[in-house]
Amino acid sequence: MKNISIKSLCVSMALLPLMLMLASCSGDDYLNAIPDDSTALVALDMQRLSADGKTDVLNGLLGVDDVDGCGIDLSSKLYVFTTAEGNVGLVVKVDDDGALDEWLGRMSQKGFCVQTSKRKDFGFTVIKDSWVAGFSSGALVVLGPVLPSQQADAQRRIIKYLEQDEEHSVKATPMFARLDTIGAPVALVAQAAALPEKMVAPFTLGAPKNADASQIMIAAELNPVDNGCVVVNGETFSFNKSVDEALKAARDVFRPITDKYLANMSDSASLGVFMNVDGTRFIELLNANKSFQALLAGVNTAIDMNNIIKSIDGDVAVMLPDLSKGMSGVQMCAKLKSKAFLADVGYWKQSCPVDSRITDWKKDAYCFTNGDISYYFGVTPDLQYYSGMSEAMAEGVLSAASSPLSAAVRQLVVGRRLVMLLNVGSLKAGGVDYGNYLKTLFGGADTVIYIMK
């Protein structure tokens, strides 16, 4: 018995490494194909989306509705990531690569993709002329959009992704660890630098001046509601301790939003940002923010915007009717505690840069012009600041929109500290229609409401 025990022990010791290796292998090995330098990562729980979520997601992301026998494990989470180079990637678990190859063959006959080919034991195809897809026995990776001349390079990168182990994948990163703690149908963790450029600034408020956008992270959970909206509850944070402490401290600057200006935003507008602040504290955040600092520096050459912002004490609304036009269509209104800054307008007129000027518009209201750019601004008798890039936009910002946000949407904003409202149709970047994906995932949602926790 003693000899048998010793022999058994020796065998067990010999097999221990194999046993540990097998134990470490799990159903999430397909995640090894996500690169560790991803700048954004989204997890979609296929089982918790809409009733037809599995088909809807693949239809929205890949443009197909026939997934029978596709070889993809539709019970596992699907991941979307952005690469350091700016491409969008999709990773799906494969449970039968032979079936996937046959399915892609059938789809190629429908014009969905080209016939598959082999490279280094991996299958490859090109979807819709601009998305390169590669697959192994465990994972399918789709990468794009890329030009035809870039497809060979995309293939090489996908091979690298499919061959890498857990140590070199996103699974070994703090980003993935944070994502794994978010229990929502759709969870996101991203660098602020990965967002569309026109949307970055509000997410970086509160960060120190020396903080880079890649150090500022956004963690969010996306949940559908019944009124045509996707509610995104998110927070900014940083893996850098000092940056994280500054971001947390900045949250106290924002006070509960009232319904004062919510009806002034049209339901067709691209973007609206709402908050309630004491301007003397809020200006400190803006002056420490690289994006806003550059903007304020330009404006302050003619108008002392710092003093205007310091005069705010209450609700603020910034709206962009058309995001594609950038700041050229911006409107702003805010409740003031004082209009003392108007006493400086005479000085502003005298010190205007060359080729620009400030002229009287109406009582306590003025127009700044510089070439083709015009900026109208003024103060009402009840101390409300209003501005716009045209007379109509400036005057209209204080009036209820002809087609305002729904009462249900406005109710979701009241009492929050910082809210961004995004028209789903405006969510496009790098040739990718993110709004279309959101519509697919959440059954036709028209509005995204980002709420700062």
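Residues numbered from 1 in each chain as written. Predicted model: local features only at pLDDT ≥ 70, side-chain atom pairs only at ≥ 80, totals over all residues. Heavy atoms only, no water.

Undergrad: Would you take a moment to explain the pairing of strand β7 (residues 139–144) for this structure?
TA: Consecutive side chains along a regular strand alternate between the two faces of the sheet. Of all six residues that make up β7, six are buried, and the element is covered over most of its length. Covered by surrounding structure in β7 are Ala139, Val141 and Leu143 together with Leu140, Val142 and Gly144, the residues of both alternating faces. In this structure, strand β3 (residues 88–93) lies alongside β7, joined through six bridges in antiparallel fashion. Along β7, the bridge assignment pairs Val92 with Leu140. Turn length for the strand β6 (residues 131–135)-β7 hairpin, with the two strands adjacent in sequence and antiparallel, is three residues. (Buried < 20%, exposed > 50% of the residue type's maximum accessible area, 1.4 Å probe, protein only. Helix = DSSP H or I, 4+ residues; strand = E, 2+ residues; numbered from the N terminus. Pairing = 2+ DSSP bridges.)

Undergrad: Even after reading the chapter, I still don't get the side chain of Gln155, so can you show me in this structure?
TA: Here Gln155 is to be found in helix α4 (residues 151–163). Exposure remark for Gln155: the relative accessible area of 18% places this residue in the buried category. Here Arg119 takes part through its side chain, which lies 3.0 Å from a polar atom of the side chain of Gln155. Aside from chain neighbours lying at most four places away, what touches Gln155 is Arg119, Phe124 and Val132. (Polar contact = N/O pair within 3.5 Å; in protein donor to acceptor, adjacent residues only side chain to side chain. Contact = heavy atoms within 4.5 Å.)

Undergrad: Can you help me understand helix α7 (residues 241–250) in this one?
TA: In an α-helix, one turn spans 3.6 residues, which is why side chains three or four residues apart end up on the same side. For α7, every residue scored as buried is listed here: Val243, Asp244, Leu247 and Ala250. Looking down the long axis of α7, one finds its buried residues gathered within 125° of arc, a one-sided arrangement. Residues of α7 that are buried make contact with β10 (229–237) and α8 (279–287). (Arc of directions from axis to C-beta.)

Undergrad: Quick question: what am I supposed to make of α8 here?
TA: By the burial criterion, the buried members of α8 are Gly279, Phe282, Ile283, Leu285 and Leu286. Across the axial projection of α8, the buried residues extend over an arc of 155°, all falling on one side.

Undergrad: What's the story with empty space enclosed by the protein in this structure? I'm lost.
TA: A water-sized probe rolled over the atoms picks out the places where empty space is left. Here the structure, examined in full by the defined rule, presents two cavities of 30 Å³ or more. Quantified by volume, the largest cavity comes out at close to 110 Å³. Along its surface, the largest cavity is lined by Pro202, Phe203, Leu205, Thr236, Leu247, Ala250, Arg251, Phe254, Leu418, Met420, Tyr450 and Met452. Elements with a minimum of two residues in the lining of the largest cavity: α6 (200–203), α7, β18 (418–423) and β21 (447–452). Per-class residue counts for the lining of the largest cavity are 10 nonpolar, one polar and one charged. Forming the boundary of the second largest cavity are 10 residues, of which Leu100, Trp103, Leu104, Ile127 and Leu140 lie nearest the centre. (1 Å grid on protein atoms, 1.4 Å probe; cavity = no way out; pocket = protein on both sides within 12 Å on 5 of 7 lines; lining within 4 Å. Points joined across faces, edges and corners; volume = space filled by probe spheres on them. Nonpolar A, V, L, I, M, F, W, Y, C, P; charged D, E, K, R; others polar.)

Undergrad: Whenever I open this one, the environment of Gly388 confuses me. Can you help?
TA: Within the secondary structure, Gly388 is located in strand β17 (residues 384–388). Along the primary structure Gly388 and Gly329 are separated by 59 residues, whereas in three dimensions their C-alpha atoms are 7.2 Å apart.

Undergrad: Would you take a moment to explain the packing of aromatic side chains for this structure?
TA: To describe a pair of aromatic rings, you give the distance between the ring centres and the angle between the ring planes. Taken as a whole, this structure holds 13 aromatic pairs when the rule is applied. Here Trp361 and Tyr376 contribute two aromatic rings whose centre-to-centre distance is 5.0 Å and whose plane-to-plane angle is 70°, an arrangement assigned as edge-to-face. Highlighted residues: Trp361 in strand β14 (residues 356–362) and Tyr376 in strand β16 (residues 373–379), separated in sequence by 15 residues. Owing to a relative accessible area of 18%, Trp361 belongs among the buried residues under this scheme. Clustering of aromatic rings is evident, with ring pairs tying together Trp348, Tyr366, Tyr375 and Phe377. The residue whose ring lies beneath Arg178 is Phe237, and the NZ or CZ to ring-centre distance is 4.1 Å. For the cation-ring pair, Lys362 lies above Trp361, with the distance from its terminal atom to the ring centre recorded as 4.7 Å. (Phe/Tyr/Trp six-rings, centres within 6.5 Å; stacked < 30°, edge-to-face > 60°. Lys NZ or Arg CZ within 6 Å of the ring centre and 35° of its normal.)

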